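Listed below, chain by chain, are the residues.
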Amino acid sequence: IGAAKRVFAEQGYSNASISQIIGEAGIARGTFYLYFDSKRTVFDSILSEALEGLTARITVIQVGENLSSPRAQVTRNLERVLTFLFEDRDLSQLLLNPGLTPDLESAQQLDAFYERVTQLIAASLVHGIRMGLVRDCDTDLVAAALLGAIRGATRRLLRTDEVPDAARVADELLSFSWRGVAVEEAWG
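Residues numbered from 1 in each chain as written. Predicted model: local features only at pLDDT ≥ 70, side-chain atom pairs only at ≥ 80, totals over all residues. Heavy atoms only, no water.

Moving on, we come to the overall build of the protein chain. Counting secondary structure elements, the protein chain contains ten helices and zero strands. When the elements of the protein chain are put in sequence order from the N terminus, they spell out α-α-α-α-α-α-α-α-α-α. Here the C-alpha coordinates of the protein chain stretch approximately 60 × 30 × 30 Å along the principal axes. Among the 188 residues that make up the protein chain, the fraction classed as buried is 40%. Sequence separation of 24 or more characterises 66% of the internal contacts of the protein chain that already satisfy a separation of 6 or more. (Helix = DSSP H or I, 4+ residues; strand = E, 2+ residues; numbered from the N terminus. Buried < 20%, exposed > 50% of the residue type's maximum accessible area, 1.4 Å probe, protein only. Contact = heavy atoms within 4.5 Å.)

Right under this line is the structure:
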């Protein structure tokens, strides 16, 4: 998977070949086919792994005494997501640069991935509304806007060789979006 991410990030999906992937991985062609049927199944695995990695870094916000403030919990969630993206530059390049997946089928798979992420954010917003922490809003539209902000900022930050400070970026992104979704009095 790591070798495939590197090859896809460098070559783009359409230009990448199984030969390049197995060469990068240092494995035999037969070994590749023990795990994957095609280049497409490797790509599917990368997207599945990315979604699992992102969701594993997000915890449900809880309110109560002796708990961190909701803002601090959201900040930590975003920090973990950003750290995941900043540490796996090959994955991030693949996810954030549509030109790397120019064929229709892989572009559709990437769109489906982002739709799942948008649905996760929308569900979090619905949860926040129920808790009184998020104002009533069009959760699908706001989720798409929030994801767009994260994607845009991450893409820009990954153009350099520096590893961005995830805590600083999370704080800046949350400060930017806060007034758009939060019921200020409820967040403390």
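This part takes up the packing of aromatic side chains. Overall, the coordinates contain six aromatic pairs when judged by the stated rule. With a centroid separation of 5.1 Å and an interplanar angle of 90°, the aromatic rings of F32 and Y33 are classed as edge-to-face. With a relative accessible area of 3%, F32 lands in the buried category. A ring pair is formed by F113 and Y114, whose centres lie 5.2 Å apart and whose planes are at 75°; its orientation type is edge-to-face. The burial state of F113 is the same as that of Y114; both residues are buried. Taken together through their ring pairs, the aromatic side chains of F8, Y13 and F43 make up a single cluster. When the ring centre of Y114 is taken as origin, the NZ or CZ atom of R151, which lies over that ring, is 3.6 Å away. (Phe/Tyr/Trp six-rings, centres within 6.5 Å; stacked < 30°, edge-to-face > 60°. Lys NZ or Arg CZ within 6 Å of the ring centre and 35° of its normal.)

Membership of the largest hydrophobic core comes to 53 residues, with the highest contact counts inside it found for F8, L82, L95, F113 and L125. Elements with a contribution of two residues or more to this core: α1 (2-11), α2 (18-25), α4 (39-56), α5 (70-87), α6 (89-96), α7 (104-131), α8 (139-157) and α9 (166-181). Beyond its immediate chain neighbours, meaning those up to four positions away, F113 contacts L47, A50, L51, L54 and L95. (Core = buried A, V, L, I, M, F, W, Y, C linked by side-chain atoms within 4.5 Å.)

What the largest pocket holds in volume is close to 1000 Å³. Lining of the largest pocket is provided by 37 residues; of these, I58, V74, I121, S124 and I150 occupy positions nearest its centre. Counting only elements with at least two residues in the lining of the largest pocket, the list comes to α4, α5, α6, α7, α8 and α9. By residue number, the principal contributor to the lining of the largest pocket is α7, which donates ten residues. (1 Å grid on protein atoms, 1.4 Å probe; cavity = no way out; pocket = protein on both sides within 12 Å on 5 of 7 lines; lining within 4 Å. Points joined across faces, edges and corners; volume = space filled by probe spheres on them.)

A cluster of like positive charges, contributed by R151, R155, R156 and R159, occupies part of the molecular surface. Here R155 lies in helix α8. Assessed through its relative accessible area of 35%, R155 is described here as partly exposed. (Patch = residues over 30% accessible without salt bridge, like charges linked within 9 Å, V, L, I, M, F, W, Y side chains within 5 Å. Areas by Shrake-Rupley, 256 points an atom, 1.4 Å probe, with all protein chains shown as cover. Salt bridge = Lys/Arg side-chain N within 4 Å of Asp/Glu carboxyl O. Lys, Arg positive; Asp, Glu negative; His and termini not counted. Charge placed at Lys NZ, Arg CZ, Asp CG, Glu CD.)

Turning to the packing of α7 against α8, a few remarks are in order. A pair of packed helices is captured by two measures, namely the crossing angle of their axes and the spacing between those axes. Relative orientation of the contacting elements α7 and α8 amounts to 120°, with a least axis distance of 8 Å. Taken together, the axis directions place α7 and α8 in an arrangement best described as oblique. In this structure, the crossing between α7 and α8 has a hand that is right-handed. Facing Y114, V117, T118, I121, A122, L125, V126 and I129 of α7, the residues of α8 in contact are T139, D140, V142, A143, A144, L146, L147 and R151. Its residues assigned to classes, the contact of α7 with α8 comprises twelve nonpolar, two polar and two charged. (Axes fitted to C-alpha atoms, helices over the stretch in contact; angles between N-to-C directions. Parallel < 35°, antiparallel > 145°, perpendicular 65-115°, else oblique. Left-handed = near helix turned anticlockwise from the far one by under 90°. Nonpolar A, V, L, I, M, F, W, Y, C, P; charged D, E, K, R; others polar.)

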